[in-house]
Amino acid sequence: MKPRELDFFFEDDRENIPRLEFDILVNNIFPPHFHSHIEIIYVTEGCLGMTVNGVQYYPKAGDCVIAEPYDIHSYHSMEPSRAYYVICPLTYVEDYIRLANGSSLSSKLLPSGPVSPELRHCFEKIRDSLMGHNLLAAQGYAYVLLATLAHTLGFVKGGQAKPSGLLQNVLRYTRTHYNEKITLEKLSQEFGYNPCYISQIFNKYMHCNIQSYVNTLRCYYAAQLLSDNEMTVSTISGVCGFE
């Protein structure tokens, strides 16, 4: 059976940002992706289209959506919208991670309700604290934000298991070595794990084999070169690792 083509990507650049971030999303559109951070959206105006793990949400003003670590998520605004956006590395909220103990929130969507003003206040205090370079205060409000979501939604056991560091390392390696020959044996030598174990972990969480994922990366970069470069197709094919 032919492995399915990936329609999402590992946002490796995000992994290199170890700090809490706040932004305002306006009519946001972003393709399916995932990372190890917690991403929280609070819609202030309009309706924002968002998909998390294949489920579509259309949060309106006062609604909050959460993408937990390694959730595949995307944005696809179909009408004007404005939203607060906070992305939090796990190292920033280690006590929350210990409390969750491998569980997931019971829902990705928290509709507008009694706690909405408190959530908005947390977002705005994170923004103000970061602008004022008060990182400790920003971290504190991030904890309050997550605690409010956890208390309101609750945790469920047996949620989606989170990948080990091995998968993250393999994804980073393929991102930088996609134009080379990548085999399970080579990955085994690089990371010190049995090839079968690497294959099992990758297939479990990525739902495809490593070669399919690498070929998808090659196609992605080849498409970029085709649109931005005068190189021939055969040259681009070689540069991107196609034999």
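This text goes with the structure placed above it.
On a predicted model such as this, the values are computed, not experimentally measured, just so you know.

1. What to know about the overall build of the protein chain
Moving on, step 1. Scanning the protein chain for helices and strands turns up nine helices and twelve strands.
Moving on, step 2. Expressed as a percentage of its 243 residues, the buried residues of the protein chain come to 46%.
Moving on, step 3. For the protein chain, long-range pairs separated by at least 24 residues make up 73% of all intrachain contacts whose partners lie at least 6 apart in sequence.
Moving on, step 4. Summed over its atoms, the accessible surface of the protein chain is roughly 12500 Å², and 55% of this surface lies on carbon and sulfur atoms.

2. Observations regarding the side chain of glutamate 21
Moving on, step 1. With respect to the helices and strands, the residue glutamate 21 is situated in strand β2 (residues 21-26).
Moving on, step 2. Residue class for glutamate 21 comes out buried when judged on its relative accessible area of 18%.
Moving on, step 3. Setting aside chain neighbours within four positions, we find glutamate 21 in contact with Arg14, Tyr85, Val86, Ile87 and Leu130.

3. Remarks on the pattern of salt bridges
It is possible for side chains of opposite charge to pair when their charged atoms get near one another.
Moving on, step 1. Under the counting rule described, the total for this entry stands at seven salt bridges.
Moving on, step 2. The salt bridge partner of arginine 98 is aspartate 95, with a shortest N-O separation of 2.1 Å. One end of the pair, arginine 98, and the other, aspartate 95, are both in helix α2 (residues 94-100), three residues apart, so they sit about a helical turn from each other.
Moving on, step 3. For arginine 98, a relative accessible area of 56% corresponds to the exposed category.
Moving on, step 4. For the salt bridge of aspartate 128 with arginine 127, the shortest nitrogen-to-oxygen distance reads 3.0 Å.
Moving on, step 5. Exposure remark for aspartate 128: the relative accessible area of 37% places this residue in the partly exposed category.

4. Examining the packing of helix α6 (residues 184-191) against helix α7 (residues 195-206)
Moving on, step 1. Axis separation between α6 and α7 bottoms out at 8 Å; the angle between their running directions is 100 degrees. As far as their axial angle goes, α7 and α6 are roughly perpendicular. Between α6, through Leu184, Leu187 and Ser188, and α7, the contact on the second element is made entirely by Pro195, Ile198 and Ser199.

5. Here we look at the packing of helix α3 (residues 116-131) against helix α4 (residues 135-153)
Moving on, step 1. Their axes nearest at 8 Å, the elements α3 and α4 cross at an angle of 160 degrees. Between α3 and α4, the crossing angle belongs to the class labelled roughly antiparallel. For α3 against α4, the interelement crossing comes out left-handed. Where α3 abuts α4, its residues Glu118, Leu119, His121, Cys122, Phe123, Lys125, Ile126, Ser129 and Leu130 lie against Leu135, Ala137, Ala138, Tyr141, Ala142, Val144, Leu145, Thr148 and Leu149.
Moving on, step 2. When the residues that make up the contact of α3 with α4 are grouped by side-chain class, the tally is 13 nonpolar, three polar and two charged.

6. Section: the sheet that holds strand β4 (residues 38-46)
Moving on, step 1. In space, the five strands of this open sheet follow the order β2-β9-β4-β7-β11, with antiparallel pairing throughout. Either end of the sheet is taken by a strand with one partner, and the two such strands are β2 and β11 (109-110).

7. Side note on α3
Moving on, step 1. For α3, spanning 16 residues, the distance from its first C-alpha to its last is 23 Å, which sits close to the expected 22 Å at 1.5 Å a residue.
Moving on, step 2. Residues of α3 that are buried: Ser116, Leu119, Cys122, Phe123, Ile126, Ser129 and Leu130. Each buried residue of α3 sits inside an arc of 165 degrees when the element is viewed along its axis, so together they form one side. In α3, the exposed residues that point more than 90 degrees away from the buried face are Pro117 and Met131.
Moving on, step 3. Where the residues of α3 are buried, they touch β2, β4, β7 (64-67), β9 (81-88), β11 and α4.
Moving on, step 4. Two residues or fewer after α3 comes histidine 133, characterised by a positive phi angle close to 60 degrees.

8. A look at the packing of aromatic side chains
Moving on, step 1. Across all of its chains, the model carries eight aromatic pairs by this definition.
Moving on, step 2. Aromatic pair phenylalanine 22 and tyrosine 84: ring centres 5.5 Å apart, planes at 50 degrees, arrangement tilted. Residue phenylalanine 22 is located in strand β2, and its partner tyrosine 84 is located in strand β9; the two are separated by 62 residues in the primary sequence.
Moving on, step 3. The class of phenylalanine 22 is buried, set by a relative accessible area of 19%.
Moving on, step 4. On the basis of relative accessible area, tyrosine 84 is assigned to the buried category, the value being 3%.
Moving on, step 5. Connected via pairs of aromatic rings, a cluster forms that spans Phe22, Tyr42, Tyr84 and Phe123.

9. Quick look at the pairing of strand β3 (residues 29-34)
Consecutive side chains along a regular strand alternate between the two faces of the sheet.
Moving on, step 1. Here strand β1 (residues 9-10) pairs with β3 via two bridges, running parallel. Paired with phenylalanine 10 across the two strands is phenylalanine 34, which belongs to β3.
Moving on, step 2. Bridge count for β3 against strand β8 (residues 73-76) is three bridges, and the pairing is antiparallel. Residue phenylalanine 30 lies in a different strand from β8, and its bridge partner there is tyrosine 75.

Rules used in this analysis
Residues numbered from 1 in each chain as written. Predicted model: local features only at pLDDT ≥ 70, side-chain atom pairs only at ≥ 80, totals over all residues. Heavy atoms only, no water. Helix = DSSP H or I, 4+ residues; strand = E, 2+ residues; numbered from the N terminus. Buried < 20%, exposed > 50% of the residue type's maximum accessible area, 1.4 Å probe, protein only. Contact = heavy atoms within 4.5 Å. Areas by Shrake-Rupley, 256 points an atom, 1.4 Å probe, with all protein chains shown as cover. Salt bridge = Lys/Arg side-chain N within 4 Å of Asp/Glu carboxyl O. Axes fitted to C-alpha atoms, helices over the stretch in contact; angles between N-to-C directions. Parallel < 35°, antiparallel > 145°, perpendicular 65-115°, else oblique. Left-handed = near helix turned anticlockwise from the far one by under 90°. Nonpolar A, V, L, I, M, F, W, Y, C, P; charged D, E, K, R; others polar. Pairing = 2+ DSSP bridges. Expected span 1.5 Å × (residues − 1). Arc of directions from axis to C-beta. Phe/Tyr/Trp six-rings, centres within 6.5 Å; stacked < 30°, edge-to-face > 60°.

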